Amino acid sequence: METRKKKKRLQTSSKRLWNKLAMERANHKCERCGKTTNLNVHHIIGKGRCRVLRWDLANALVLCSSCHTFGRVSAHSTNYFGQKMFAEWLDKYLDKNRADYLQTREKQSMRVTIQFLEEENERLKALEQS
Ligand SMILES: [Zn+2]
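Below, the structure is looked at part by part. (Residues numbered from 1 in each chain as written. Predicted model: local features only at pLDDT ≥ 70, side-chain atom pairs only at ≥ 80, totals over all residues.)

Quick notes on helix H1 (residues 2-25)
Here's step 1: Taking 1.5 Å as the rise per residue, H1 with 24 residues should run 34 Å; its terminal C-alpha atoms sit 34 Å apart, in good agreement.
Here's step 2: Residues Ser14, Leu17 and Trp18 constitute the buried set of H1.
Here's step 3: Residues of H1 that are buried sit in contact with strand E1 (39-43), strand E2 (60-64) and helix H5 (114-129).
Here's step 4: Among the residues trailing H1, Asn27 stands out with phi positive, at a value near 50 degrees. (Helix = DSSP H or I, 4+ residues; strand = E, 2+ residues; numbered from the N terminus. Expected span 1.5 Å × (residues − 1). Buried ≥ 20, exposed ≤ 12 C-beta atoms within 10 Å, placed from the backbone. Contact = placed C-beta atoms within 7 Å.)

Pasting the structure below:
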């Protein structure tokens, strides 16, 4: 029970830092269209698909709600061609090193231990300070 609480606290803290740092890096603008309102931080590789990339800034992309979910061409578009067009944009947007890193990391099936959560949280805190 105590461990669960601690995990929860670390996850909440990391989520806040991850959001804040991604927004700062993107200068509070949608990275696809430049809009400055209704911004979300998108997980390039979904949280469900890879838990170790959940608080990794390489996996963060700031998008307005239209580019994230509601637009025809958006990350979570239900329209096949819309999703494909978004993926094509993303392919061009991400530099090769970052795309390679995400692909490699996605294949690693690491367990999200309390130690892992602590390390991720410390890493984000250090980035916030720098
Ligand atoms: Zn946008």
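Some thoughts on the environment of Arg51
Here's step 1: Mapped onto the secondary structure, Arg51 falls in the loop between E1 and E2.
Here's step 2: Arg51 sits 28 residues away from Asn79 along the chain, and the two C-alpha atoms are 26 Å apart.

Some thoughts on the nonpolar core
Here's step 1: With 14 residues, the main nonpolar core has Trp18, Cys30, Val62, Leu63, Cys64 and Cys67 as its most contacted residues.
Here's step 2: Of all elements in the fold, only H1 and E2 reach the threshold of two or more residues within this core.
Here's step 3: The element that contributes the greatest number of residues to this core is E2, accounting for five residues.
Here's step 4: Discounting residues that sit within four places of it in the chain, Cys67 has contacts with Cys30, Arg32, Cys33, Ser74 and Ala75. (Core = buried A, V, L, I, M, F, W, Y, C linked by C-beta atoms within 7 Å.)

Here's the deal with helix H3 (residues 80-93)
Here's step 1: In this model H3 runs 20 Å from its N-terminal to its C-terminal C-alpha over 14 residues, within 8% of the 20 Å that 1.5 Å per residue would give.
Here's step 2: Burial of H3 is sparse: only one of the 14 residues sit out of reach of the surface.

A look at the packing of H1 against H5
Here's step 1: Interhelical geometry of H1 versus H5 gives an angle of 30 degrees and a closest axis separation of 9 Å. Here H5 runs roughly parallel to H1, going by the angle between their axes. At the point where H1 passes H5, the crossing takes the left-handed sense. Contact with H1, carried on its side by Thr3, Lys6, Lys7, Leu10, Gln11, Ser13, Ser14, Leu17, Trp18 and Leu21, involves Ile114, Leu117, Glu118, Glu120, Asn121, Leu124, Lys125, Leu127 and Glu128 of H5 and no other residues of that element.
Here's step 2: The class makeup of the residues in the contact of H1 with H5 is eight nonpolar, five polar and six charged. (Axes fitted to C-alpha atoms, helices over the stretch in contact; angles between N-to-C directions. Parallel < 35°, antiparallel > 145°, perpendicular 65-115°, else oblique. Left-handed = near helix turned anticlockwise from the far one by under 90°. Nonpolar A, V, L, I, M, F, W, Y, C, P; charged D, E, K, R; others polar.)

Keep in mind that these numbers describe shape and distance, not what the molecule does.
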